[in-house]
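# Structure assessment
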Amino acid sequence: MKHILHLKSSILGSASYSIRLGDAIVEKIQDKYPGSSLEEVDLAEMEIPHLNPALFRTFFIPGDQLTEEEKATIRLSDDFVKQLFAADIIVIGAPLYNFTIPSSLKAWIDYITRPGITFGYGENGPVGLVTGKKIYVAMSSGGVYSEGPGKANDFVAPYLKAFLGLLGITDLTVVRAEGLKVEGLKEHAMEKAIDSIEII
Ligand SMILES: Cc1cc2nc3c(=O)[nH]c(=O)nc-3n(C[C@H](O)[C@H](O)[C@H](O)COP(=O)(O)O)c2cc1C
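## What to know about the layout of surface pockets
Approximately 260 Å³ is the volume found for the largest pocket. Taken together, 13 residues line the largest pocket, and the ones lying closest to its centre are Val-144, Glu-178, Leu-185, Ala-189 and Lys-192. Looking at the lining of the largest pocket, the elements that each hand over two or more residues are β7 (171–178) and α6 (186–195). One number sums up the size of the second largest pocket: a volume of about 210 Å³. Lining the second largest pocket are 14 residues, with Leu-12, Tyr-17, Ser-140, Leu-180 and Lys-181 positioned closest to its centre. At the level of secondary structure, the elements contributing two or more residues to the lining of the second largest pocket comprise α1 (17–32) and β6 (134–141). Classifying every residue of the lining of the second largest pocket gives seven nonpolar, six polar and one charged.

## Remarks on the environment of Pro-34
Within the element layout of this structure, Pro-34 appears in the loop between α1 and β2 (37–42). The exposed category is assigned to Pro-34, whose relative accessible area is 60%. Along the primary structure Pro-34 and Met-1 are separated by 33 residues, whereas in three dimensions their C-alpha atoms are 6.2 Å apart.

## Let's talk about the pairing of β7
As defined by bridge partners, β6 adjoins β7 across eight bridges and the pair is classed as parallel. Pairing of Ile-135 across the sheet is with Leu-172, part of β7. Considered for its hand, the β-α-β crossover made up of β6, helix α5 (residues 156–166) and β7 is right-handed.

## Notes on the environment of Gly-179
Here Gly-179 is to be found in the loop between β7 and α6. For Gly-179, a relative accessible area of 0% translates into the label buried. Along the backbone, Gly-179 and Leu-84 are 95 residues apart, and their C-alpha atoms lie at a distance of 31 Å. Look past the residues within four positions of Gly-179 in its chain and what remains in contact with it is Ser-141, Gly-142, Gly-143, Val-144, Leu-185 and Lys-186.

## Concerning the sheet that holds strand β3 (residues 89–95)
With parallel pairing, five strands are arranged side by side in an open sheet as β2-β1-β3-β6-β7. Looking at strand neighbours, the two that pair on one side only are β2 and β7, the edges of this open sheet. Here the average twist between neighbouring strands, direction ignored, is 15°.

## A word on the site of the ligand
Around the ligand sit 17 residues, and of these Ser-10, Ser-16, Ser-18, Tyr-97 and Ser-140 come closest. Between Tyr-97 and the ligand, the recorded distance is 2.7 Å, taken from a side-chain N or O atom to an oxygen atom. With respect to the ligand, the side chain of Ser-140 contributes an N or O atom lying 2.7 Å from an oxygen atom. If the ligand stood free it would expose 620 Å²; the protein chains cover 80% of that surface. Secondary-structure elements contributing two or more residues to the shell around the ligand are α1 and β6. Classifying every residue of the shell around the ligand gives eight nonpolar, eight polar and one charged.

Calculation rules
For every chain, the first residue of its written sequence is number 1, and the numbers climb from 1 along that sequence. For this predicted model, a pLDDT threshold of at least 70 governs which residues receive local features, and a threshold of 80 or more governs which side-chain atom pairs are given and counted, while totals over whole chains, interfaces and linings are taken from all residues. Computation of side-chain values covers all heavy atoms of the structure but excludes hydrogens and water. Cavity and pocket criteria rest on a 1 Å grid covering protein atoms alone: a 1.4 Å probe that fits but cannot get out defines a cavity, protein on both sides within 12 Å along at least 5 of 7 lines defines an open pocket, and an atom within 4 Å of a point defines a lining residue. Grid points are joined across faces, edges and corners, and a volume is the space filled by probe spheres set on the points. Secondary structure elements follow DSSP: runs of H or I no shorter than four residues count as helices, runs of E no shorter than two count as strands, and numbering proceeds from the N terminus. Each residue gets one of three labels, nonpolar for Ala, Val, Leu, Ile, Met, Phe, Trp, Tyr, Cys and Pro, charged for Asp, Glu, Lys and Arg, and polar for the others, Gly among them. Residue exposure (1.4 Å probe, protein chains only): buried if accessible area is under 20% of the type maximum, exposed if over 50%, otherwise partly exposed. Paired strands, as defined in this entry, are two strands with at least two bridges between them according to DSSP. With its strands directed away from the observer, a crossover is right-handed exactly when the path from the first strand over the helix to the second travels clockwise. Two residues form a contact once any of their heavy atoms are found within 4.5 Å. Only the stretch in contact is used when fitting a helix axis, every axis being a line fitted to C-alpha atoms; angles between N-to-C directions are given from 0 to 180 degrees. In this text, near means that some heavy atom of the residue lies within 4 Å of the molecule or strand in question. Here a polar contact is recorded for every N or O atom pair within 3.5 Å, except that within protein the pair must consist of a potential hydrogen donor and a potential acceptor, and residues adjacent in sequence are included only if both atoms are side-chain atoms. Each accessible area is a Shrake-Rupley estimate made with a 1.4 Å probe; only the visible protein chains count as cover when residues are assessed.

This is the structure in structure tokens:
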């Protein structure tokens, strides 16, 4: 039995491919681990403020010294960190928007990057403190970026791998629904992506 966290970041609601793909990944995880619990977080619906000076300052204030106002400022970041630590498996919906991830997902990343909590500094540089997690990234894109001419612009998968590695999360599987805007590919892109899901 596992606890699964499914993060959604598409702005396309019920028409979203990354949400459908994430749901299919969750279903396969639940098949493998019956009775697993699921927490779903729709980042696109949350209107998360950008990381700003006031919030960043609170990251460095010990919890017992926070004012009521600072506690309110840091609450969402604390909630995201708690959700992250509570999960055994995290499914991240990552639709490709303007060659990168949606800004809501970037905000989530900024909120969970907490010095002394999710990562620290050792003698040889940063040390990840979020260990023992498995991540599946449900990517969706209009074009094709895993191969061919688009591969030179495949920024999202390497970016997420580098970022999650900083936190200590190295067990990452990327599942892609790609070519969703390309005639001849779009017709089977989702089916192909769902078929490629392997729960390790
Ligand atoms: C605002 C926006 C920007 C997009 N930018 C790109 C892009 O840079 N490259 C690409 O291949 N597709 C792009 N697309 C197409 C999306 O990747 C495609 O619609 C995909 O299905 C989005 O995932 P979703 O359905 O889960 O929202 C863009 C779509 C939107 C809405």
